[in-house]
Amino acid sequence: MTTDTLDRVAKTETLPPRERLLQSARKLFCRYGVNSVGVDSIIDSAGTAKTTLYKLFGSKEGLVEAVLDREGQEWRDWFLGEIDGPGGSALARLERLGPSLKRWFQRADFFGCPFINAVAESDKANDQMRRLAIAHKTIVSNRIISLCAEADISDPEQTAHTLGLIMDGAIVMALITRKASAADLAAVACQALIESRLKVALPIEA
């Protein structure tokens, strides 16, 4: 696989080798998939030696885990910032789930959830990718659980997990269809679920 058409920002000489490898691997993995990208493509894009990759990460698998760790942290910081950043009530923050997903889906570099993709590609007898994905999703889920509890929603844990299921479905749908409108459907479904679980009914607008 050639890399001539790939963005080579990660090859900037001012970046240390570890950062170049992480950025190059991230772009390649997200676009082509972990299993489709070989070590040679990564080091070619990063402008490093193969021995450097193994010295820094131990193996391609070690690099994959480092990329997922970086990707997960950055995505969570962004997504939770989208929900919490503007402030407001817990309900107002929950209402931002769908719109925040839509902004993600509209980005040119949206290639789905890297954790879902990694689990789908990995050996199903190997639980490592699954553990990484669960750890990532647990952090997001815990924040949504706390918002559901703060909003006085019945069974906040189950509600949050159901909201997560809706969000994951929208992510996969957007990846397959390349249509950001999947987030609009998710927003409607999330709102309907939230309203059905409120202990105190929302006032009816005149």
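Please read all numbers here as calculations on a predicted model, not as lab measurements.

### Side note on the pattern of salt bridges
Here the structure, examined in full by the defined rule, presents eleven salt bridges. The residue Arg26 makes a salt bridge to Glu74 at a minimum N-O spacing of 2.7 Å. Linking Arg26 in helix α1 (residues 17-32) with Glu74 in helix α4 (residues 60-84), this pair joins segments that are 48 residues apart in sequence. Note that Asp109 and Arg107 form a salt bridge whose closest N and O atoms lie 3.0 Å from each other. The structure contains a network of salt bridges with shared partners spanning Arg26, Glu71 and Glu74.

### Regarding the environment of Ala187
Position of Ala187 relative to the elements: it lies in helix α10 (residues 182-197). Note: C-alpha distance between Ala187 and Gly112 (75 residues apart in sequence) is 18 Å.

### Here we look at the packing of α4 against helix α7 (residues 114-121)
Put simply, α4 and α7 touch, their axes get as near as 10 Å, and they point 150 degrees apart. One finds that α4 runs roughly antiparallel with respect to α7. Across the interface between the two elements, Leu68, Glu71 and Gly72 from α4 touch Pro114, Phe115 and Ala118 from α7. Grouping the amino acids of the contact of α4 with α7 by side-chain chemistry returns four nonpolar, one polar and one charged.

Criteria and thresholds
- Residues numbered from 1 in each chain as written.
- Predicted model: local features only at pLDDT ≥ 70, side-chain atom pairs only at ≥ 80, totals over all residues.
- Heavy atoms only, no water.
- Salt bridge = Lys/Arg side-chain N within 4 Å of Asp/Glu carboxyl O.
- Helix = DSSP H or I, 4+ residues; strand = E, 2+ residues; numbered from the N terminus.
- Axes fitted to C-alpha atoms, helices over the stretch in contact; angles between N-to-C directions.
- Parallel < 35°, antiparallel > 145°, perpendicular 65-115°, else oblique.
- Contact = heavy atoms within 4.5 Å.
- Nonpolar A, V, L, I, M, F, W, Y, C, P; charged D, E, K, R; others polar.

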